[in-house]
Amino acid sequence: MNSWPLWEVFIRSKNGLSHKHVGSLHAADADMAMENARDVYTRRSEGVSIWVVESRHITASSPNQSEALFEPANDKVYRHPTFYDVPDDVKHM
Amino acid sequence: MENITALEEQFQARIDADERIEPKDWMPEAYRKTLIRQISQHAHSEIVGMLPEGNWITRAPNLRRKVALLAKVQDEAGHGLYLYSACETLGIDREELLDQLHTGKAKYSSIFNYPTLSWADIGAIGWLVDGAAIMNQVPLCRASYGPYARAMVRVCKEESFHQRQGYEIMLTLSRGSEEQKAMAQDALNRWWWPSLMMFGPNDADSKHTAQSMAWRIKRFTNDELRQRFVDVTVPQAEFLGLTVPDDQLKWNEETGHYDFGPIDWDEFWRVVKGDGPCNRQRLKARRKAHEDGAWVREAAMAHAEKRRQRAAAVQSEVA
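Residues numbered from 1 in each chain as written. Chains lettered and ligands numbered in written order. Predicted model: local features only at pLDDT ≥ 70, side-chain atom pairs only at ≥ 80, totals over all residues. Heavy atoms only, no water.

Engineer: So, the overall build of chain B: which residues are in play, and what are the values?
Structural biologist: When you go through chain B residue by residue, the secondary structure sums to 13 helices and two strands. Per-residue burial for chain B yields a buried fraction of 50% across its 319 residues. Once local pairs closer than 6 in sequence are excluded, the contacts in chain B between residues at least 24 apart make up 76%. Carbon and sulfur atoms make up 55% of the accessible area of chain B, which totals about 16,000 Å². In chain B, 42 positive and 46 negative side-chain charges are present, and the distance between their average locations comes to 6 Å. (Helix = DSSP H or I, 4+ residues; strand = E, 2+ residues; numbered from the N terminus. Buried < 20%, exposed > 50% of the residue type's maximum accessible area, 1.4 Å probe, protein only. Contact = heavy atoms within 4.5 Å. Areas by Shrake-Rupley, 256 points an atom, 1.4 Å probe, with all protein chains shown as cover. Lys, Arg positive; Asp, Glu negative; His and termini not counted. Charge placed at Lys NZ, Arg CZ, Asp CG, Glu CD.)

Spelled out as structure tokens, the structure:
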């Protein structure tokens with residue numbers, strides 16, 4: 001049997017916050033994914049907005065390569081404010 | 001081989017540092033298998049658990065009780081779905097999981113192989129069965145596998161309504177007529193021991209506990225959780241004015257815990273192995289629901305495909 005594709009569900013819990021991944025579900029199409037997401041993930045007013053994305057459209061970084069992927073950020077301490085020496089007497093900085 | 005050992009050591013070091021493991025991370029095959037077994041068993045329990053309670057939806061004594069029970073059974077479906085999704089992140093698909101349930105290869109909690117004979121059973125299930133489940137599930141919110149832990153956080157948030165609605169039913173019955181009180185007592189008599197069995201075999205006989213604790217899937221042993229359940233539940237029974245069906249039950253001043261009588265493990269294993277009062281009926285109902293729903297699943301796919309093709313045709317006309 002051809003089973004329904006997998007969808008990832010993202011919910012904005014209230015305006016002002018970003019959508020956050022809450023889980024996944026199976027549905028035949030986007031409309032059904034939206035209805036199922038409402039029934040499965042927002043039975044107690046957990047959200048004001050829902051995104052559904054078919055899982056196969058998501059490209060994820062690989063944990064095996066995360067060291068190489070994030071390495072350029074790790075050795076650039078000068079990107080942080082604490083890298084710079086400013087005397088304590090200087091205020092509001 | 002050395003490579004695997006090194007990977008396993010790194011993995012255990014991450015677990016020991018209380019890091020969470022996420023789906024794409026390397027994990028030992030045995031860890032993956034253990035999780036699939038446990039999470040799917042948990043998901044199946046939620047879904048099969050809808051059956052004994054669904055039995056009373058049409059016969060709830062009033063509208064307030066009925067909407068509450070409907071919402072509770074709907075929650076159980078939701079819990080099953082969160083857990084199936086978490087399980088699927090381990091690389092097994094939904095169809096295979098359902099197959100394992102329908103062929104009897106995967107288990108579900110034995111408690112759902114007992115029948116719901118009276119309305120009071122709905123109260124006893126909410127109070128005792130959901131109470132025992134909460135005891136088990138709260139520590140699982142810190143399980144080492146991220147998707148499982150996150151699913152459990154959602155489940156636990158919802159579970160407390162279930163227990164309170166059950167206790168309220170028991171309270172109403174036990175403050176009611178003599179017949180109602182007798183119903184409540186009868187339900188407690190029948191559900192008490194199976195609820196204690198929900199925590200699984202004694203630690204000495206539990207083949208999975210040690211490894212699951214080392215992997216921080218479990219945080220407490222079966223016996224620890226069972227004792228905790230007895231300690232919090234006995235005073236709740238006293239408040240109802242009902243008697244726990246165990247003549248060896250006694251407060252132990254020294255240990256600060258209740259001592260309780262031996263569990264009938266023969267009965268436990270009999271039900272696990274398929275010979276409980278409702279095993280066949282439950283599996284038959286699940287299989288039938290799945291088979292009867294096949295045309296709906298197929299029709300939904302056909303409908304989605306038709307709409308996709310129509311949309312594509314409109315687009316190419318515009319172009």
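Engineer: Help me get a handle on the nonpolar core, residues and values and all.
Structural biologist: All names here are of chain B. Counting 96 residues, the largest nonpolar core has Y31, I39, Y145, Y148, W191 and W192 as the members making the most contacts within it. Per element, the largest residue contribution to this core is eleven residues, and it comes from helix α6 (residues 119–137). Excluding anything up to four places from it in sequence, Y148 contacts L35, Q38, I39, H42, L83, A86, L140 and A143. (Core = buried A, V, L, I, M, F, W, Y, C linked by side-chain atoms within 4.5 Å.)

Engineer: Describe in detail the interface of chain A and chain B, supporting the description with residues and values.
Structural biologist: As a measure of interface size, the accessible area lost when the parts come together is often cited. Across the boundary between the two partners, chain A contributes 22 residues, which contact 21 residues of chain B. Carbon and sulfur atoms supply 53% of the area that chain A and chain B bury against each other, a total of about 1,900 Å² over both sides. At the boundary of chain A and chain B, one finds six salt bridges. Counting the contacts that link chain A with chain B gives eleven residue pairs in polar contact (both at pLDDT 80 or more). Put simply, the parts of the chain that give the side of chain A that touches chain B at least two residues each are β2 (20–26) and α1 (30–41) of chain A. (Buried area = accessible area lost by both parts, 1.4 Å probe. Salt bridge = Lys/Arg side-chain N within 4 Å of Asp/Glu carboxyl O. Polar contact = N/O pair within 3.5 Å; in protein donor to acceptor, adjacent residues only side chain to side chain.)

Engineer: Pulling in residues and values, what's your account of the layout of surface pockets?
Structural biologist: As a volume, the second largest pocket reaches approximately 1,200 Å³. Residue assignment for the lining of the second largest pocket shows that the elements contributing at least two residues are β1 (6–12) and β2 of chain A together with α4 (63–88) and α7 (146–174) of chain B. Examining the composition of the lining of the second largest pocket, we find that seven residues originate from one element, α7 of chain B, more than from any other. For the lining of the second largest pocket, a count of residues per class yields 14 nonpolar, eight polar and eleven charged. (1 Å grid on protein atoms, 1.4 Å probe; cavity = no way out; pocket = protein on both sides within 12 Å on 5 of 7 lines; lining within 4 Å. Points joined across faces, edges and corners; volume = space filled by probe spheres on them. Nonpolar A, V, L, I, M, F, W, Y, C, P; charged D, E, K, R; others polar.)

Note that every value here comes from positions in space, so none of it alone points to a role or purpose.
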